[in-house]
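# Topology and contacts: notes
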Amino acid sequence: MPANDEVDRIVDAWLRERPDLDFAPLQVFSRVARLSKHLDRARRTAFSRSELDSWEFDVLSALRRAGAPYELSPKLLLQQTLVSSGTMTNRIDRLVERGLVTRRTDPNDGRGIFVGMTAGGLTRVDAAITRLVDAEAALLRSLPAVDQERLAALLRKLSLDFD
């Protein structure tokens, strides 16, 4: 059994004070919350080194995952980034100003538009994802591959209730 961590100490203190409660959820979610802080720091670093904010990465990565020619409608971007239409319009405007995306009219529907990634956007998002994967791998380095796979499966099972 590995050494106790801060969550073990917190739960032990709570068990002394409130032995009537089941602290099993705290054992899981306190650790997830603590790990989330490390992940947030790693993500911010990876994105800032690529001169991107996290919201910029979200939009550019949705376009990158779409495959060449790296275009999506604003509606599809909304679905993938889970923001409001007003927020997405603002984000697209700001990315256009930075030269990371372009807008073009849908040739099949003059009212619709496509948002496309520029070469500069592609360079930035590729650098950011490379840095992010490296940083996340470093966070997991203490777990063997089999444990990483088991953890991913358990988290997937839990997250299906929320997706």
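For every chain, the first residue of its written sequence is number 1, and the numbers climb from 1 along that sequence. Owing to the predicted nature of the model, reporting of local features is limited to residues with pLDDT of at least 70; listing and counting of side-chain atom pairs is limited to 80 or more, with chain, interface and lining totals taken over all residues. Side-chain metrics rest on all non-hydrogen atoms present in the structure, leaving aside hydrogens and water.

### Comments concerning a nonpolar patch on the surface
Patch definition: residues above 30% relative accessible area lacking any salt bridge, with like charges linked at up to 9 Å and the nonpolar side chains Val, Leu, Ile, Met, Phe, Trp and Tyr linked at up to 5 Å. Reported accessibility uses the Shrake-Rupley method at a 1.4 Å probe radius. Residues are deemed covered only where the shown protein chains occlude them. The working definition used for a salt bridge is a side-chain nitrogen of Lys or Arg within 4 Å of a carboxyl oxygen of Asp or Glu. Together, Val28, Phe29, Val32, Leu139, Leu140, Leu151, Leu155, Leu158 and Phe162 make up a nonpolar patch on the protein surface, roughly 790 Å² of accessible area in all. In this description a helix means any DSSP run of H or I spanning at least four residues, a strand means any run of E spanning at least two, and both kinds are numbered starting from the N terminus. If you list the elements that add at least two residues to the nonpolar patch, you get helix 2 (24–49) and helix 7 (145–159). Position of Phe29 relative to the elements: it lies in helix 2.

### Here's the deal with the UniProt feature "domain: HTH marR-type" (unreviewed entry) in the protein
UniProt positions are given in the numbering used here, feature names are shortened, and annotations may be inferred rather than shown by experiment. The positions that UniProt labels "domain: HTH marR-type" (unreviewed entry) are, in the present scheme, residues 25–160. As annotated, residues 25–160 has a helix share of 69% and a strand share of 12%, and its two end C-alpha atoms lie 17 Å apart.

### Points about the sheet that holds strand 2 (residues 101–106)
Here, strands pair whenever DSSP counts at least two bridges between them. An order of 1-3-2 is seen for the 3 strands of this open sheet, with the pairing classed as antiparallel. Of all strands in the sheet, those bounded by a partner on one side alone are strand 1 (71–72) and strand 2. For strand 1 and strand 3 (residues 109–117), the ladder comprises 2 bridges, and the chain directions are antiparallel. Residue pairing across strands places Glu71 opposite Gly116, the latter belonging to strand 3. Two residues qualify as a contact provided that any one of their heavy atoms is within 4.5 Å of a heavy atom in the partner residue. Axes here refer to lines fitted to C-alpha atoms; in helices the fit is confined to the stretch in contact. Angles between the N-to-C directions go from 0 to 180 degrees. Of the strands in this sheet, strand 1, strand 2 and strand 3 touch helix 3 (residues 54–65), which is tilted by about 100° from strand 3.

### Description of the pattern of salt bridges
One pass over the structure, following the stated rule, counts 11 salt bridges. For the salt bridge of Glu136 with Arg43, the shortest nitrogen-to-oxygen distance reads 3.1 Å. Here Glu136, found in helix 6 (residues 119–139), pairs with Arg43, found in helix 2; they are 93 residues apart in sequence, far enough to count as distant. In this structure Arg43 comes out as partly exposed when scored by relative accessible area, which is 26%. Across the pair Asp93 and Arg103 runs a salt bridge, and its minimum N-O distance is 2.3 Å. Taken together, the residues span a long stretch of sequence, with Asp93 in helix 5 (residues 85–97) and Arg103 in strand 2 at a distance of 10 residues. Residue exposure (1.4 Å probe, protein chains only): buried if accessible area is under 20% of the type maximum, exposed if over 50%, otherwise partly exposed. We classify Asp93 as partly exposed; its relative accessible area is 31%. One salt-bridge network, in which partners are shared between bridges, spans Asp5, Asp8 and Arg31.

### Describing the packing of helix 3 against helix 5
Interaxial distance between helix 3 and helix 5 falls to 11 Å at its minimum, and their mutual angle equals 90°. With respect to helix 5, the axis of helix 3 lies roughly perpendicular. Only Met88, Arg91, Arg94 and Leu95 of helix 5 make contact with helix 3, whose side of the interface consists of Trp55, Glu56 and Val59. Note on residue classes: Ala, Val, Leu, Ile, Met, Phe, Trp, Tyr, Cys and Pro are nonpolar, Asp, Glu, Lys and Arg are charged, and everything else, Gly too, is polar. Of the residues that constitute the contact of helix 3 with helix 5, the class distribution is 4 nonpolar, no polar and 3 charged. Roughly parallel refers to an angle under 35 degrees, roughly antiparallel to one over 145, roughly perpendicular to one between 65 and 115, and oblique to any angle outside these ranges.

### Things to note about helix 2
Given the number of residues in a helix, its expected span is that number minus one, multiplied by 1.5 Å. Here helix 2 is 26 residues long and its end C-alpha atoms lie 38 Å apart, about the 38 Å a rise of 1.5 Å per residue gives. Considered for burial, the residues of helix 2 that qualify are Ala42, Ala46 and Phe47. Where helix 2 is buried, its residues contact helix 3 and helix 6. Immediately downstream of helix 2, the backbone of Glu51 shows phi near 60°, a positive value.

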